[in-house]
Structure formats: structure tokens, C-alpha cells
Amino acid sequence: KKLLRENRQSIHGMVHCSGGGQTNCIRFGTGVHHIKDNFLPIPPIFKAIQTASGTSDEEMFRVYNMGHRMEIFCDPEAADAIIAQSESFGIPAKVIGRTEASQRDDRQNHVTIQHEGKTLAYALQH
């Protein structure tokens, strides 16, 4: 509530990552390329799940939130204030990526995740 009250003009969207993992944002916006390349440390439980299940990296990021639960899409100049407010409540936060115009010929939304030297690509499915 505090974030919205103090930064509403700079916040363009909020996405809860549960129930869609790191690709849940793909439905946000029109003609958007979501790029995530600076994750918070991923909790060890996700590596344990992956090892025990044999799940691919692509599927892990598609299904699981990988330890972060909320994304706030904001003006870049507002990020530091929003991060400070989040951390004032004991909730770690950082800029994990950015958005730009879709790079696809059909201009559909897509997500690129860069993590541990791998690039994972996801497209909006109709």
C-alpha cells in the first residue's frame, strides 16, 4: 500500500510470480520483450527440486518463481526508492531486468531469462 501511495505515478504494473513462475509477466503489456538477467539469489530448495525431479532449467523458470514473488514494473528513476521502501519492510528487492519493444516479427510478447550463462526464451502462446 505504501509503495502505491508514494510511487503510483511511476508504477506501471505489478505481477505476482506464483502460479506462472518467471514467465507470468508475459501477459503484461502489448508488444513487450521482458528481459530478466539479474536475479536475487535463488534459494537452494529450487536446485533440490530440479535435481530430484530432473526438470530442465526452462521448465523450472516457467513453473517456479525461483524465490521471488512480486515484480513491479516502474520508471527506471523510481527503482531505487521502491527498493528502499521494500527493504524497509525486511523484503529484499533489486532491479532484476528491464522491458523493451518486442523483438519478434509478429510483435508478440516474449521473455528472455539469462541465468548462469544460459539464455532461456519464452513466447506468448495463444
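Scroll up a little and you will see the structure.
Only a predicted model underlies this, so the values are computations on that prediction, with no experimental measurement involved.

Calculation rules
- Residues numbered from 1 in each chain as written.
- Predicted model: local features only at pLDDT ≥ 70, side-chain atom pairs only at ≥ 80, totals over all residues.
- Heavy atoms only, no water.
- Buried < 20%, exposed > 50% of the residue type's maximum accessible area, 1.4 Å probe, protein only.
- Helix = DSSP H or I, 4+ residues; strand = E, 2+ residues; numbered from the N terminus.
- Phe/Tyr/Trp six-rings, centres within 6.5 Å; stacked < 30°, edge-to-face > 60°.
- Arc of directions from axis to C-beta.
- Contact = heavy atoms within 4.5 Å.

A. Spatial organisation of unusual backbone geometry. The phi dihedral of Met 66 is positive, around 55 degrees, even though this residue is not glycine. Take Met 66: its relative accessible area is 7%, and that puts it in the buried class. Here Arg 107, not a glycine, exhibits a phi torsion of approximately 65 degrees, which is positive. Along the chain, Arg 107 falls in the loop between strand S4 (97-101) and strand S5 (110-115).

B. Focus on the packing of aromatic side chains. Tallied over the full model, the rule gives three aromatic pairs. An angle of 55 degrees between the planes, with centres 5.4 Å apart, marks the rings of Phe 39 and Phe 61 as tilted. Linking Phe 39 in the loop between strand S2 (32-36) and helix H2 (44-53) with Phe 61 in helix H3 (residues 57-63), this pair joins segments that are 22 residues apart in sequence. One exposure class covers both Phe 39 and Phe 61, and it is buried.

C. Structural detail: helix H4 (residues 79-88). All of the buried residues along H4 are Ala 79, Ile 82, Ile 83, Gln 85 and Ser 86. Along the axis of H4, the buried positions cluster into a sector of 160 degrees, meaning they face one direction only. Turned more than 90 degrees from where H4 packs its buried face, Asp 80 and Ser 88 sit exposed. Elements that come into contact with the buried residues of H4 comprise helix H1 (2-7), strand S1 (11-16) and strand S3 (70-74). Phi turns positive one or two residues past the end of H4, at Gly 90, with a value near 80 degrees.

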